[in-house]
Each structure stands twice: as structure tokens, then as C-alpha cells.
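Reading the structure
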Amino acid sequence: MTLVDRLRAALGEGSLLEGSAFGPRHVSDMSGTGKARPQFIVRPRNTSEVSTALRLCNEYGATVTVQGGMTGLAGGANPQPGDLVLSLELLRGVENVDVASATMAVSAGTPLETCQAAAAEKGLFLALDLGSRGSCQIGGNLATNAGGIRVIRYGMAREQVLGLEVVLADGTIISSMNRMLKNNAGYDLKQLFIGSEGTLGVITRAVLRLHPPPGPITTMLCAVSSYAKVVTLLRHAQEGLVTLLAFEAMWADYFNFNANALKLGFFAESHPFNVILESTANADTIESFLGQCLDEGLIADALIARSQTQAREIWSVREGYPIENLPNLLNFDVSLPIGLIGEYAEVCTTALRARWPEAHVSFYGHVGDSNVHICVSTFFGAGESIHDVDDIVYSVLGSYGGSISAEHGIGALKRPYLHLSRSAEELALMRSLKQALDPRGILNPGKVI
Ligand SMILES: Cc1cc2nc3c(=O)[nH]c(=O)nc-3n(C[C@H](O)[C@H](O)[C@H](O)COP(=O)(O)OP(=O)(O)OC[C@H]3O[C@@H](n4cnc5c(N)ncnc54)[C@H](O)[C@@H]3O)c2cc1C
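Now for a description of the structure that goes with this document. On a predicted model such as this, the values are computed, not experimentally measured, just so you know.

Cut-offs used in this document
- Residues numbered from 1 in each chain as written.
- Predicted model: local features only at pLDDT ≥ 70, side-chain atom pairs only at ≥ 80, totals over all residues.
- Heavy atoms only, no water.
- Helix = DSSP H or I, 4+ residues; strand = E, 2+ residues; numbered from the N terminus.
- Rg over C-alpha atoms; globule rule 2.2 N^0.38 Å.
- Buried < 20%, exposed > 50% of the residue type's maximum accessible area, 1.4 Å probe, protein only.
- Contact = heavy atoms within 4.5 Å.
- Areas by Shrake-Rupley, 256 points an atom, 1.4 Å probe, with all protein chains shown as cover.
- Lys, Arg positive; Asp, Glu negative; His and termini not counted.
- Charge placed at Lys NZ, Arg CZ, Asp CG, Glu CD.
- Pairing = 2+ DSSP bridges.
- Core = buried A, V, L, I, M, F, W, Y, C linked by side-chain atoms within 4.5 Å.
- Domains from an automatic or database assignment.
- Polar contact = N/O pair within 3.5 Å; in protein donor to acceptor, adjacent residues only side chain to side chain.
- Phe/Tyr/Trp six-rings, centres within 6.5 Å; stacked < 30°, edge-to-face > 60°.
- Lys NZ or Arg CZ within 6 Å of the ring centre and 35° of its normal.

Here we look at the overall build of the protein chain
Within the protein chain, the regular secondary structure consists of 13 helices and 16 strands. On C-alpha atoms alone, the protein chain measures out to a radius of gyration of 23 Å, which is about the 22 Å that the 2.2 N^0.38 rule sets for 449 residues. For the protein chain, the spread of C-alpha atoms along the three principal axes comes to 75 × 60 × 45 Å. Looking at the 449 residues of the protein chain, the share that counts as buried comes to 55%. At a minimum sequence separation of 6, the contacts of the protein chain that also span at least 24 residues come to 73%. For the protein chain, the computed accessible surface area is about 19000 Å², with 53% contributed by carbon and sulfur atoms. Positive and negative side-chain charges in the protein chain, numbering 34 and 44 respectively, have mean positions lying 7 Å apart.

Rendered as C-alpha cells:
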């Protein structure tokens, strides 16, 4: 019997999609780099079916690409030629929200936004939040250890997890659905799988930690004249604004490009940096904080969003959809010590423009979390490719001790560069873990390591 026949017999007809039964959505994540159509798609409805599917795939030595919401930006969910796809899209639903312990149990295929809404319905707050919230799934968020806009206050996805259920490559179910904040009984196994991008196991369920809602949030936009002042503003805001919920910096080229395209104007003149801050501090505290920053010359101008619409307008510049239309746009997601980001941006821009004088190069990101994104758009000459841009961005980064992935993961796209951010000993240990948990190498081959 073929693998397809065995899977169909074990899981039922509706669990398998073949031929024209599935569209291009399963070919590429949001990086747009996937090219190979998978052989077929398996869509388990519960943990037991995931276990059965993997046990059979392992028996046949069939390679499996794990797919969540397909919003990843590192090519991690893109099938390679010959792979079959295991999609979590039918394994969805909020199992419960436990108000007493401030936790929720969810299935891996549940969209992030559904989880946020279920927590809010019970008067609680799920702190994980990303622009892709409507499409990305909790399983994908945990597999990538997603960051997002609330990391500065609540930490990354990893910090929101108390329990996890995972199926190993051979079908073994590891159910660690812990609901306690404290549990030091042996190794914290869930951490192995969070951020492993589907290479060590398939996440099927999770217990997430919830918080009291932060209360009314005020959005501010500050104009700043230098990167050194951006860093000082961050420190002042962490001290003076009680709860700082977001700190997002945009370099002038990024801010002006998007604001102009969106026909939005906030200040009378252009400034080298624009920073979005969000806080739950009261109106008086915010007014006096901004007043003091203006008096000290730390900020050149400031605006407090007076409505949800104005707050949305400010965030729409940060989300930067217009810039996506630049030709051959490449997006990078790097991290380096906060104090060095300004200098890195200058050196990197100079190096890129030395090669492509007309290139668009701009920077923005979660600077409060030591994370900056880089947009590069250029035309390539004969014999040139995107790898020439990668080489420049990452070699400059290496000289500053930065990481090639802050939050999007390594996936397939950054795999050739992982050695720039990890030592030979770290890579060897990663390979040992992979070998121990997936000896036949069936899970997400060609990804991460
Ligand atoms: C508009 C937009 C904004 C974004 N903003 C952010 C941001 O602020 N911060 C950030 O970190 N990312 C951001 N992203 C990237 C992306 O949304 C995240 O990486 C997200 O966590 C991916 O979730 P997903 O369900 O779409 O996973 P997919 O793209 O389907 O998969 C991502 C990786 O996880 C693996 N995987 C998926 N599900 C499972 C599972 N159940 N078990 C094991 N492995 C699995 C896949 O094999 C793949 O390697 C953004 C993307 C977009 C399009």
C-alpha cells in the first residue's frame, strides 16, 4: 500500500487534499519564495491524527513540511520538492479560558486573533500581538517564537507559554499541558520546541498565560533628531511612563516614504527619526513627560493621538504596506545591542550604496527590543543576485555581534547564514538535538540547520 492509501485509510477521505484540491496558498509563505507544489496535504483534526500521520510518514521516510497560517517571512513553511504538507488548519479551537489561573488552552491551528478575542471575552488579555494576527496560528507563533509589538512589556511568544503538547517525528505524543506559573520538575521540555520552526516536533496544543487588560492605551508620535536621542528617549520613557507598551522607531527614509504614499502628514517638517510610543499612563503624566522631553531638547516635536483613527494612521506608517511595492524589495530582521543600532544602520547604508548608489535603503523596527528591520530595493546587474545584498547586510552585522534573525526565524532563507550568529559548538548541539528527536530527518528538511 502507498503512503497516501495508508493515510487515507487511517484519517479518512476529507483529511487529504491532492491534485487541484488545494491552491497556491500551500506553496509559499508570505516571503513569496516558495516554488514547489507539495505532493499532497494532510489535515489532521486532533493530536491523535497528527500522531498517526507522522508515524506513517516516518515509517515510509517521507519528508513533511509543517504549515500553520503561512504568514512566516523566512520560507520555513515552504515545501521542498517531494515533500508532503502537514497543515494544522483543521486542528483549531479555544478549549477553555481558566479565569482563576489566568490561562487558556488552545489547539495549535487557532488563529491568534481568535485567541485574543476569547481571552478578552473573559476580561483577560493575551499579550502576543502581530500585524498578521488574523491569519497566523498559535502553533506557528510558538514554532517561530514570534515577537511583535508588545515584547517590550510582556516578552516574546516564549514568555506567554506555560504548557505545550507536541508530536515527535515518530508519532510519540509529548503532552506537557502545565497550567502553573512555577514548575521546576526536571527539564523544561517545551522550550526545546518553541522557536524550533517545526524541525523538532509538531505543536498540537498549548496553555497560554494571560494578563489583566492593560487599560486605555495612549499612542504618541515623537520627532527625534539623532539615534543617540532615540536611545535616551527609550530610557526616559521606561522610567517616566510607568507602563511602556510599545517603542517603535522609524528612520526618515522609511517614515517619509510610507507617510507620503498614504498621504499622511504629522509634523510641519521632516525629522531624522520618528518614534511611536504607547503607554497606559494617565493624560497628565503623558503631557508632563512629553513637555519635559521637549524642554530638554530630547524630542523636536510630539503628537498625542486624539482618536483611534489617528492612532491607526500613525501605526499604518509603521506597518509600511506602501514600501512593499518597491521593486525587488528585500526585508531583513536583525537584532543587535540597542546602543549600536544607529551606527550599524549608517555603516550598512554606506556599504549598500557603495555597490548600488540608487538603492532604496531604510530602517524601522522594535528598537526597544534591540530589533531593527531593513528594507532594501535595488535593480541587479548581470551576475548579481539577492545574495549579494544578504552578504553585505550580514557581514556588517557580524562585525557588530548582531543576530541574523530577531523574530522571524531562520527558515530556509537564512539557513546559509546561521553560522554567522551561532558558534560551531552551538550548531553541533543543534544537530545532536535534531538527530535525537528526528533521526530519519523527516520534519521540515532544509530548514534552520
Ligand atoms: C503583516 C505581517 C506582520 C508580521 N509581524 C510580525 C511581527 O511583528 N513579529 C514576528 O515575529 N513575526 C511577524 N510576522 C511573521 C509571521 O506572522 C510570524 O512568523 C508567525 O508567527 C508565523 O505564524 P504562522 O502560523 O503563519 O506560521 P507559518 O508561516 O505557517 O510557519 C512558520 C514556521 O513554523 C512552523 N510551524 C507552523 N505551525 C507549526 C506547528 N503547529 N508545529 C510546529 N511547527 C509549526 C512552520 O513549519 C514554519 O517553519 C509578520 C508577518 C506578516 C505577514
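Regarding the pairing of strand 7 (residues 161-167)
Of all the seven residues making up strand 7, seven are buried; the element is thus mostly covered by neighbouring parts of the structure. Note that strand 7 and strand 9 (residues 202-209) share six bridges and pair antiparallel. The residue of strand 9 that forms the bridge with Val167 is Val202. In the sheet, strand 7 pairs with strand 8 (residues 173-176) via four bridges, with the strands oriented antiparallel. Its bridge partner lying in strand 8, Val166 is registered against Ile174.

Considerations on unusual backbone geometry
As a rule of thumb, non-glycine residues mostly have phi less than zero, and peptide bonds are mostly trans rather than cis. Even without being a glycine, Met70 presents a positive backbone phi close to 65 degrees. A positive phi angle, near 45 degrees, is found at Asn145, a position not held by glycine. Residue placement: Asn145 occurs in the loop between helix 4 (138-143) and helix 5 (151-154).

Considering the nonpolar core
Counting residues in each nonpolar core, the largest one holds 56 residues, and the members touching the most others are Leu233, Trp251, Leu277 and Tyr344. Split by domain, this core shows at least three residues from each of two domains, domain 3 (218-321) and domain 4 (326-405). Apart from the residues within four sequence positions on either side, Leu233 is in contact with Cys222, Val224, Phe247, Val275, Leu277, Phe289, Cys293, Leu298 and Ile299. Counting residues in hydrophobic clusters, the runner-up holds 55 residues, among them Leu124, Ala146, Phe193 and Ile194.

Points about the side chain of Thr47
Locating Thr47 in the fold gives a position in helix 2 (residues 47-60). At a separation of 2.5 Å, a polar atom in the side chain of Thr47 contacts the side chain of Glu165. Sequence-distant contacts of Thr47, that is, excluding residues within four places in its chain, are made with Leu91, Glu165, Val167, Ile173, Thr204 and Arg205.

What about the packing of aromatic side chains?
Tallied over the full model, the rule gives eleven aromatic pairs. Between Phe255 and Phe266, the ring centres sit 6.0 Å apart and the planes meet at 50 degrees, which makes this aromatic pair tilted. Of this pair, Phe255 sits in helix 8 (residues 252-261) while Phe266 sits in the loop between helix 8 and strand 12 (273-279), and the two are eleven residues apart along the sequence. Across the pair, Phe266 and Phe255 agree in class, each one buried. Here the aromatic cluster, defined as three or more aromatic residues joined through ring pairs, consists of Tyr227, Trp251, Phe273 and Phe363. One cation-aromatic arrangement involves Arg37 over Phe22; the distance from NZ or CZ to the ring centre is 4.1 Å.

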